[in-house]
Amino acid sequence: MTTPSASHSQPETTPRLNPLNLQHDSQPLDQPPSPKFLLPSPLPTRRTRTYSETARATAGPTFHGICKSFCRSKGHGFIRPAEGTEDIFVHISDIEGEYVPTEGDDVTYKLCSIPPKHKKVQAVEVNIIHLAPDTLHETWTGRATPH
């Protein structure tokens, strides 16, 4: 009885994984990767912000600005500071109150730095203090009211 040599070995029966697309070598990657393989966002939402970041932001000064844009479906927008500096990012989780912000709304906010380098900031504890006139405002429950 002879044993098979290395050159006459049987073909592999288990599929091999390609580390780049996590699919079998014989199957191309036709679909986008599943969400479990996507990287998390570096932006700290209210849910992921640490206690110390929240305490620093709450203790900081309150700023005034105007909502430049906000997309409810994307979950973020930008605020134009009253001081005229660079626009500030705002996440949907940091908006207080009943209404979805729209362009032209006067807002107050506090600042929180964005990791990992903490060179940029985002608005937190955002409150609408004056709704833009002649604009349809939507509540978080979906009810629209003109103002």
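Refer to the structure above for everything that follows.
Residues numbered from 1 in each chain as written. Predicted model: local features only at pLDDT ≥ 70, side-chain atom pairs only at ≥ 80, totals over all residues. Heavy atoms only, no water.

Before going further, it helps to examine the sheet that holds strand 5 (residues 120-130). Taken in spatial order, the five strands line up as 1-2-3-5-4 and close into a barrel, and their pairing is mixed. On average, each strand axis in the sheet is tilted by 50° relative to the strand beside it, whichever way the strands run. Sheet analysis places strand 1 (residues 63-71) next to strand 2 (residues 76-81), joined by six bridges and oriented antiparallel. Paired with C71 across the strands is H76, a residue of strand 2. This element, helix 1 (residues 51-59), spans strand 4 (106-114) and strand 5 of the sheet and lies at about 140° to strand 4. (Pairing = 2+ DSSP bridges. Helix = DSSP H or I, 4+ residues; strand = E, 2+ residues; numbered from the N terminus. Axes fitted to C-alpha atoms, helices over the stretch in contact; angles between N-to-C directions. Contact = heavy atoms within 4.5 Å.)

A separate point is the packing of aromatic side chains. Counted according to the given criterion, the structure contains three aromatic pairs. Summarising the aromatic geometry, the rings of F78 and F89 are spaced 5.9 Å apart at their centres and angled 75° between planes, so their arrangement reads as edge-to-face. Of this pair, F78 sits in strand 2 while F89 sits in strand 3 (residues 88-91), placing them eleven residues apart in sequence. (Phe/Tyr/Trp six-rings, centres within 6.5 Å; stacked < 30°, edge-to-face > 60°.)

Even without being a glycine, E125 presents a positive backbone phi close to 50°. In this structure, E125 sits in strand 5. Note on E125: relative accessible area 25%, which makes it partly exposed. Of note in this structure, D134 is not a glycine but carries a positive phi near 55°. Mapped onto the elements of the fold, D134 is located in the loop between strand 5 and strand 6 (136-138). (Buried < 20%, exposed > 50% of the residue type's maximum accessible area, 1.4 Å probe, protein only.)

Turning to the nonpolar core, a few remarks are in order. Grouped together as the largest cluster of nonpolar side chains are eleven residues: C67, F70, I79, I88, V90, I95, V100, V107, Y109, A123 and V126. Looking at this core, the elements with two or more residues in it are strand 1, strand 3, strand 4 and strand 5. (Core = buried A, V, L, I, M, F, W, Y, C linked by side-chain atoms within 4.5 Å.)

Once that is clear, we can look at the pairing of strand 2. Alternating residues of strand 2 divide into G77, I79 and P81, all buried, and H76, F78 and R80, none buried. In the sheet, strand 2 pairs with strand 3 via four bridges, with the strands oriented antiparallel. Across the sheet, residue I79 finds its bridge partner in strand 3, namely I88. Counting the residues in the hairpin turn of strand 2 and strand 3 gives six residues, including G84, whose phi is positive at 85°.

Okay, the side chain of T108 next. Relative to the assigned elements, T108 resides in strand 4. Ignoring anything within four residues of it in the chain, the contact list for T108 reads T62, F63, H64, E125, V126, N127 and I129.

All right, on to the environment of K74 then. Residue position: K74 is located in the loop between strand 1 and strand 2. We classify K74 as exposed; its relative accessible area is 65%. Between the C-alpha atoms of K74 and H91, which are 17 residues apart in sequence, the distance is 9.3 Å.

Moving on, we come to the pattern of salt bridges. Tallied over the entire structure, the rule returns three salt bridges. Note that E138 is salt-bridged to R72, the shortest N-O span being 2.9 Å. With a gap of 66 residues between them, E138 in strand 6 and R72 in the loop between strand 1 and strand 2 connect regions that are remote in the sequence. Here E98 ties to R143 by a salt bridge, and the two come within 3.0 Å at their closest N and O atoms. (Salt bridge = Lys/Arg side-chain N within 4 Å of Asp/Glu carboxyl O.)

These figures come from the coordinates and say nothing about function on their own.
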